[in-house]
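Understanding the architecture of this molecule
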Amino acid sequence: MMDADFWHQRWQDNRIGFHQDQPTPLMLKHWPAVGAVPGCRVFVPLAGKSRDMVWLAAQGHRVLGVELSQLAVEQFFAEHGLQPETHESAYGRHYRAGGPQAGDIELICGDAFALDAAALADCAAVFDRAALIALPPALRLRYVDELHARLPAETRGLLITLEYPQDEKAGPPFSVGESEVRARFGSRWHVELLERRDILASQQNFIDEGVTALDTCVYRLQRHAG
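This report concerns the structure included in the present document. (Residues numbered from 1 in each chain as written. Predicted model: local features only at pLDDT ≥ 70, side-chain atom pairs only at ≥ 80, totals over all residues. Heavy atoms only, no water.)

Bringing the pairing of strand β2 (residues 62-67) into the picture now. Taking burial as the measure, the 6 residues of β2 include 5 buried ones, the bulk of the element. Sheet topology places strand β1 (residues 41-44) next to β2; 4 bridges connect them, and they run parallel. Note that in β2 the partner of Phe 43 across the bridge is Leu 64. What joins β1 to β2 is helix α3 (residues 52-58), and the crossover it makes is right-handed. (Buried < 20%, exposed > 50% of the residue type's maximum accessible area, 1.4 Å probe, protein only. Helix = DSSP H or I, 4+ residues; strand = E, 2+ residues; numbered from the N terminus. Pairing = 2+ DSSP bridges. Right-handed = clockwise from strand over helix to strand, strands pointing away.)

This brings us to unusual backbone geometry. In this chain, Gly 171 is followed by Pro 172 through a cis amide linkage whose omega measures 0 degrees. With respect to the helices and strands, the residue Pro 172 is situated in the loop between β7 (156-163) and α6 (178-185). The phi torsion at Leu 46 lies on the positive side, around 50 degrees, for a residue other than glycine. On the secondary structure map, Leu 46 appears in the loop between β1 and α3.

This part covers the packing of aromatic side chains. Geometrically, a pair of aromatic rings is defined through the distance of the ring centres and the angle of the planes. Under the counting rule described, the total for this entry stands at 5 aromatic pairs. An angle of 90 degrees between the planes, with centres 6.2 Å apart, marks the rings of Trp 31 and Phe 127 as edge-to-face. Linking Trp 31 in helix α2 (residues 25-34) with Phe 127 in strand β6 (residues 123-128), this pair joins segments that are 96 residues apart in sequence. For Phe 127, a relative accessible area of 2% translates into the label buried. Every member of this aromatic cluster is reached through a ring pair, and the members are Phe 76, Phe 77 and Tyr 95. (Phe/Tyr/Trp six-rings, centres within 6.5 Å; stacked < 30°, edge-to-face > 60°.)

Here the focus is the nonpolar core. By size, the foremost hydrophobic cluster in this structure holds 35 residues, and its most contacted members are Phe 43, Leu 115, Leu 120, Tyr 143 and Phe 185. When contributions to this core are tallied by element, the ones reaching two or more residues are β2, β6, α5 (137-147), β7, α6, β8 (189-198) and β9 (215-223). Apart from the residues lying within four places of it in its own chain, the contact partners of Leu 115 are Phe 43, Val 66, Tyr 91, Ile 108, Leu 120, Leu 147 and Arg 150. Within the second largest apolar cluster, 28 residues are counted, among which are Met 27, Trp 55, Val 63 and Tyr 95. (Core = buried A, V, L, I, M, F, W, Y, C linked by side-chain atoms within 4.5 Å. Contact = heavy atoms within 4.5 Å.)

Contact geometry for α5 and α6: axes closest at 9 Å, N-to-C directions at 40 degrees. Our classification of the angle between α5 and α6 gives oblique. Contacts between α5 and α6 involve Pro 137, Arg 140, Leu 141, Val 144 and Asp 145 on the former and, on the latter, Glu 180, Arg 184 and Phe 185. Its residues placed into classes, the contact of α5 with α6 shows 4 nonpolar, no polar and 4 charged. (Axes fitted to C-alpha atoms, helices over the stretch in contact; angles between N-to-C directions. Parallel < 35°, antiparallel > 145°, perpendicular 65-115°, else oblique. Nonpolar A, V, L, I, M, F, W, Y, C, P; charged D, E, K, R; others polar.)

Tracing the chain through its elements places His 94 in strand β4 (residues 92-99). On the basis of relative accessibility, which here comes to 7%, the residue His 94 falls in the buried class. In this structure the side chain of His 94 is engaged in a polar contact, spanning 2.6 Å, whose partner is the side chain of Ser 89. A polar side-chain atom of His 94 sits 2.6 Å from a polar atom in the side chain of Glu 106. The contacts of His 94, once residues within four sequence positions are left out, are Glu 85, Thr 86, His 87, Glu 88, Ser 89, Glu 106, Leu 107 and Ile 108. (Polar contact = N/O pair within 3.5 Å; in protein donor to acceptor, adjacent residues only side chain to side chain.)

Inspection of every chain in the model, using the stated rule, returns 20 salt bridges. One salt bridge in this structure joins Glu 209 and Lys 169, with 3.4 Å as the shortest N-O distance. Note that Glu 209 is positioned in the loop between α7 (204-208) and β9 and Lys 169 in the loop between β7 and α6, a separation of 40 residues in sequence. Take Glu 209: its relative accessible area is 42%, and that puts it in the partly exposed class. Shared partners join several salt bridges into a network, and the residues in it are Arg 41, Arg 62, Arg 96, Asp 104, Glu 106 and Asp 122. (Salt bridge = Lys/Arg side-chain N within 4 Å of Asp/Glu carboxyl O.)

Structure follows, in structure tokens:
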């Protein structure tokens, strides 16, 4: 059962193979295609301690992340030498740091599904590298139908997924195919596949588990106006 305790234990045991030491290369390549203007707020769900947030802030964006693990949030700010201001709200504990070095980064330590439209009202873009693929099917449905549905009209985004034969490996990360992405997002979002890349040869852990094919896919999203 992938409840809150599952993720808390992963962070406590430092079993965070999903964390990357550098910004996501496919984000660096494709983020300009999103068309998010400097100064806009970018939502990063299930953020962990991702370095992608630092890169986004360095592009002039205001970053709003949400992460369940307090350990992950505190590690993020400590590892970047930042001293965040904190306050509590109905959404959880907010950590915020800003300035010439950090940009403007706010992380909410709390449940992403508890965020309502008011919490996301000033977000103009969303970046998802490891959120959708971290969730089993039932939670993926909630993630799109509830959380993404609360983002404002015309929100732009970049989504990165993995595709592999799901019967060859237990998630997370889970395989999320193009047909599922289009089915989940298609009613409210314009979905465009920007790139599909075979990455199996570079992912030894998948090879060791017997996975025979592994692609990563990058999608540009834009929420419909109405």
